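Architecture at a glance
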Amino acid sequence: MRYVVTVAGREMEVVVDESGMTVDGVRVAAHLEGDHQTAAGTGVGAILTIDGRQHRLVARPGDGGRGSYDLQLDGRRLAVEALDERTRAIRAHAKAAAPTGAAPVVAPMPGLIVRVGVAVGDQVEAGQAVLVMEAMKMENELRAPGAGTVKAILVQPGVAVERGAVLVTFEAES
Amino acid sequence: MHSAVSAKKPTAPATRSIRRVLIANRGEIAVRIARACRELGIESVAVYSAADAGAPHVRAADRSVLIGPALASQSYLRGDHLIEVAKQLEADAIHPGYGFLSEREWFARAVREAGLIWIGPPAEAIAAMGSKTAARTLAIAAGTPVVPGTTEALRDATQAAELAAQFGYPVLLKAAAGGGGKGMRVVRAPAEIAGALESAKREAQNAFGDDAVYIEKYIEGPRHVEIQILADAHGTCVAVGERECSIQRRHQKMIEEAPSVAVSPELRKRMGDAAVAAAKAAGYVNAGTCEFLLDAHGDFYFLEMNTRIQVEHPVTELVTGLDLVQWQLRIAAGEQLPFTQAPEPRGWAIECRITSEDPAHGFLPSTGRITALHLPSGPGIRWDGGIEVGTTVGLSYDPMLAKLIVHAPTREAAIARMRHALQELVIEGVETSCEFHLRMMDDPEYQRGAVDIQWLEAKLPALLGAPAPEETVRAAAVGAVLLAERDRQGRARQVGNGGAKGAARSAAADAPGAASSEERGWARLAREESLRRR
């Protein structure tokens, strides 16, 4: 089985067959022991051994569905996606078919909208502060995930929102 | 130093007048206080909101009482109700911890007037020190150096702009009733001052119910060094060393140490004397902390006095051998301090505040249920925690989950110890600040101690943006593929067995459903596949 792995902004090719594993063409001896999925009250991780060297690993399913994992490895958190060729092809196909549009600003936690810093029609850059929300008595700036034009503002100051609520939508720059 | 503390023991029992303490707090500090009570043979009463039913601090105590809904203003902040509960349960003292009602003069007074012992300074000392404006006035009178600024709340933006021009930019706007960085703004140019004042006032109003804000000269590049004091009711007031708290984000302390790399024995003595002078001027009794800015020339400026136990008190405990929370109880019970001078710090202690904030996403608060928890252990490692498996972390309270504290002979050894403790620590269910702390321990500038209170803000993007070590990235790729293979084989097995249910059923020999359940397994997989494709 041939996998394309995306981690920390990089892509690596990992091949697994009867004779073992290669990473970008280099053969490695690797195995995983212990419970790799933590559930309530159980497991503090697995031992991942690569070429004799042990790493502490805790894994949980990631946001990206099959093949996506959030790993805690040697104290670091890493979002990793390991897709076999077939799944990867299906995903690419689905993505191409989906309508394109800029990602909206979504409430990352429940809280109160304090300020909205943009108006409909404003051009924003990726990372630009769009609004301020208050949670845990601290004000947090929420930023535009990409460049675009403000299409709609769905909240106003003083409004309480739930986690995941769509706050501001954009038209992608063409 | 240990013998000095216990030397007093044979005389009148220190804690005779305190038999039962109501702990008016939650989380790790409530657990810490309950433990101190237990060690002194004092009973403890926990109070909890509906959101904290069964919380670690509830189970740490001997008794517990539900005091209201999750909202702090209807539970932990209801001083009148807490006093009522204390009397009902025949507690004879109240320990406020930090935050909540700990620095409210009216509450300290009400506790005393109800005939209960307040485990903290007298209400008058809180009044003298509790407001930063009042504390400045007092410090100036006591001859303690302060940063140039006003001692009265700002009237409006015009006055703020006039004073800022007089001190020279940058200036700092600060909530008079504040703490924890709330209601604070640095202003670097005249154009920003009106907006900054407005938002500082709003935040102060929301956090403290008081929108008074004052202004001061902003000294760039200083360290935050604070002096812990202990004062008994018999006139003994002792400085027990400094804590270095310069690693701050948005004026919130993230990492604290004792001692400070910037403090020599001579400077420790001078700062200690200044802190004792300020505390004595306020008629201070019990544990307290004087916060100073320390500049590169060794000049220090009094900032404020925290009239309570501090979050970061463990680092002082580890290098002095004193149990500060026990001393709070013993002093409140009328015991005399058995020493007039604190020992020089022994070894080095570092504390990391473990919060439910996600450093990978701008430290946004994270909520959820703790599903797995593995704590580091071994020599010199201390965990003061308020979470367990099953704890729900919500948005009602402060995001601090626990404090991880290490002690080692040298600073270098303490950093190495903290590093491996952080690698052992596993918290699943919410995002935490752990990786931030690990990156800090690996940072060469931090390792040299070359920091000031602005250092972290400037450093954060590089610190958090730096890629993980190559070996870790490769290991993650290998791990993910092994997981994917395992999942794939698991799915194949599920197909073969028709899933767990099917397996159970086929285990019963001759079960008529065995063959059809296998078919159902295939059918389910096909259905799942088709759903995923859409």
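These numbers come from a predicted model, not from an experiment. (Residues numbered from 1 in each chain as written. Chains lettered and ligands numbered in written order. Predicted model: local features only at pLDDT ≥ 70, side-chain atom pairs only at ≥ 80, totals over all residues. Heavy atoms only, no water.)

Further remarks concern the overall build of chain B. Each helix and strand counted, chain B has 19 helices and 22 strands in total. Residue pairs at least 24 apart in sequence account for 65% of intrachain contacts in chain B once pairs closer than 6 positions are excluded. Accessible surface computed for chain B: about 21,000 Å², of which carbon and sulfur atoms make up 52%. (Helix = DSSP H or I, 4+ residues; strand = E, 2+ residues; numbered from the N terminus. Contact = heavy atoms within 4.5 Å. Areas by Shrake-Rupley, 256 points an atom, 1.4 Å probe, with all protein chains shown as cover.)

Attention shifts here to the side chain of Arg382(B). All names here are of chain B. Tracing the backbone shows Arg-382 in strand S19 (residues 381–385). A distance of 2.9 Å separates a polar atom in the side chain of Arg-382 from a polar atom in the side chain of Asp-384. With near-sequence residues (within four places) excluded, Arg-382 lies in contact with Arg-32, His-313, Pro-314, Glu-317, Leu-318, Lys-403, Leu-404 and Ile-405. (Polar contact = N/O pair within 3.5 Å; in protein donor to acceptor, adjacent residues only side chain to side chain.)

A word on the nonpolar core. Residues and elements named next belong to chain B. Among the nonpolar cores identified, the biggest contains 38 residues, and Ile-255, Ile-350, Ile-427, Met-440 and Met-441 are the most heavily contacted of them. Secondary structure elements with two or more residues in this core: strand S11 (252–258), strand S14 (348–355), S19, strand S21 (400–408), helix H13 (411–424), helix H14 (434–441) and helix H16 (455–465). Judged by nonpolar contacts, the second largest core, of 33 residues, contains Ala-93, Ile-119, Leu-230 and Ile-331. (Core = buried A, V, L, I, M, F, W, Y, C linked by side-chain atoms within 4.5 Å. Buried < 20%, exposed > 50% of the residue type's maximum accessible area, 1.4 Å probe, protein only.)

Per the domain assignment, the segments of chain A are domain 1 (2–97) and domain 2 (105–172). On a C-alpha basis, the centres of domain 1 of chain A and domain 2 of chain A stand 33 Å from each other. (Domains from an automatic or database assignment.)

A word on the confidence of the model for chain B. Residues and elements named next belong to chain B. Put simply, chain B has an average pLDDT of 89, and 89% of its residues get 70 or more. Below a pLDDT of 50 lies the segment residues 499–519, which in the model reaches 13 contacts outside its immediate sequence neighbourhood of four places, other chains included. Note on the complex model: pTM 0.79, ipTM 0.72. (pLDDT = per-residue confidence, 0-100.)

So, on to the interface of chain A and chain B. Facing the 63 residues of chain A at the interface are 60 residues of chain B. Both faces combined, the contact of chain A with chain B buries some 5,600 Å², and carbon together with sulfur accounts for 58% of it. A per-residue breakdown of the area chain A buries against chain B is headed by Arg66(A), Arg76(A) and Met136(A), which together make up 16% of the total. Here chain A and chain B share nine salt bridges between them. With its nearest N and O atoms 3.7 Å apart, the salt bridge here joins Arg76(A) to Asp442(B). Across the contact surface, chain A and chain B share 17 residue pairs in polar contact (both at pLDDT 80 or more). (Buried area = accessible area lost by both parts, 1.4 Å probe. Salt bridge = Lys/Arg side-chain N within 4 Å of Asp/Glu carboxyl O.)

Residues and elements named next belong to chain B. The complete set of buried residues in helix H7 (residues 132–141) reads Lys-132, Thr-133, Ala-135, Arg-136, Leu-138 and Ala-139. Turning to H7, the residues buried within the fold contact helix H6 (123–130), strand S6 (171–175), strand S7 (184–187), strand S8 (213–217), helix H10 (265–281) and strand S13 (300–306). A positive phi of about 80 degrees marks Gly-143, the residue just after H7.

Moving on, we come to the packing of aromatic side chains. All names here are of chain B. Taken as a whole and assessed by the stated rule, the structure comprises nine aromatic pairs over all chains. With centroids separated by 5.5 Å and ring planes inclined at 85 degrees, the aromatic side chains of Phe-107 and Trp-118 adopt a geometry described as edge-to-face. You can see Phe-107 sitting in helix H5 (residues 105–113) and its partner Trp-118 sitting in strand S5 (residues 117–118), a full eleven residues away along the chain. Trp-118 sits in the buried class, given a relative accessible area of 8%. Centre to centre, the rings of Phe-292 and Phe-300 are 5.3 Å apart; their planes meet at 85 degrees, and the pair counts as edge-to-face. Residue Phe-292 shares its accessibility class with Phe-300, and that shared class is buried. Clustering of aromatic rings is evident, with ring pairs tying together Tyr-76, Phe-100 and Tyr-397. Against the face of Trp-327 rests Arg-330, its NZ or CZ located 4.1 Å from the ring centre. (Phe/Tyr/Trp six-rings, centres within 6.5 Å; stacked < 30°, edge-to-face > 60°. Lys NZ or Arg CZ within 6 Å of the ring centre and 35° of its normal.)

Residue and element names in this part refer to chain B. You can see Val-225 is positioned in strand S9 (residues 223–231). Since its relative accessible area comes to 0%, Val-225 is described here as buried. With 124 residues separating them along the chain, Val-225 and Ala-349 place their C-alpha atoms 15 Å apart. Among residues more than four places away in sequence, those in contact with Val-225 are Glu-242, Arg-243, Glu-244, Ser-260, Val-263, Met-271, Cys-290, Glu-291, Phe-292 and Leu-294.

The next thing to look at is the sheet that holds strand S10 (residues 105–106) of chain A. All names here are of chain A. One open sheet holds the four strands; their spatial order is S10-S17-S15-S12, and the pairing between them is antiparallel. If you trace the sheet from one side to the other, it starts and ends with S10 and strand S12 (123–124), each paired once. Note that S10 and strand S17 (residues 166–172) share two bridges and pair antiparallel. When the sheet's bridge partners are listed, Val-106 is paired in S17 with Val-166. (Pairing = 2+ DSSP bridges.)

Turning our attention to helix H11 (residues 313–320) of chain B. Residues and elements named next belong to chain B. Counting buried positions over the eight residues of H11 gives eight, a clear majority of the element. Taken together, the buried positions of H11 are His-313, Pro-314, Val-315, Thr-316, Glu-317, Leu-318, Val-319 and Thr-320. Looking one or two places after H11, you find Gly-321, whose phi comes out positive at around 80 degrees.

To continue, consider the packing of H5(B) against H6(B). All names here are of chain B. It is the contact of H5 with H6, at a shortest axis distance of 8 Å, that shows an interaxial angle of 175 degrees. Classified by the angle their axes make, H5 and H6 are roughly antiparallel. From H5, Glu-105, Ala-108, Arg-109 and Arg-112 reach across to H6, where they touch Ala-123, Glu-124, Ile-126 and Ala-127. Its residues assigned to classes, the contact of H5 with H6 comprises four nonpolar, no polar and four charged. (Axes fitted to C-alpha atoms, helices over the stretch in contact; angles between N-to-C directions. Parallel < 35°, antiparallel > 145°, perpendicular 65-115°, else oblique. Nonpolar A, V, L, I, M, F, W, Y, C, P; charged D, E, K, R; others polar.)

On to unusual backbone geometry. Trans peptide bonds make up the majority, and among non-glycine residues the majority have a negative phi. Residue Pro170(B) follows Tyr169(B) across a cis peptide bond; omega there is -5 degrees. Structurally, Pro170(B) can be placed in the loop between helix H8 (157–167) and S6. Residues Ala258(B) and Pro259(B) are joined by a peptide bond in cis, for which omega reads -5 degrees. Note on placement: Pro259(B) falls in the loop between S11 and H10. If you check the backbone angles, Asp51(A) has positive phi at about 50 degrees while not being a glycine. Of note, Asp51(A) is situated in the loop between strand S6 (46–50) and strand S7 (53–61). One non-glycine residue, His251(B), adopts positive backbone phi at about 65 degrees. Within the secondary structure, His251(B) is located in the loop between strand S10 (237–249) and S11.

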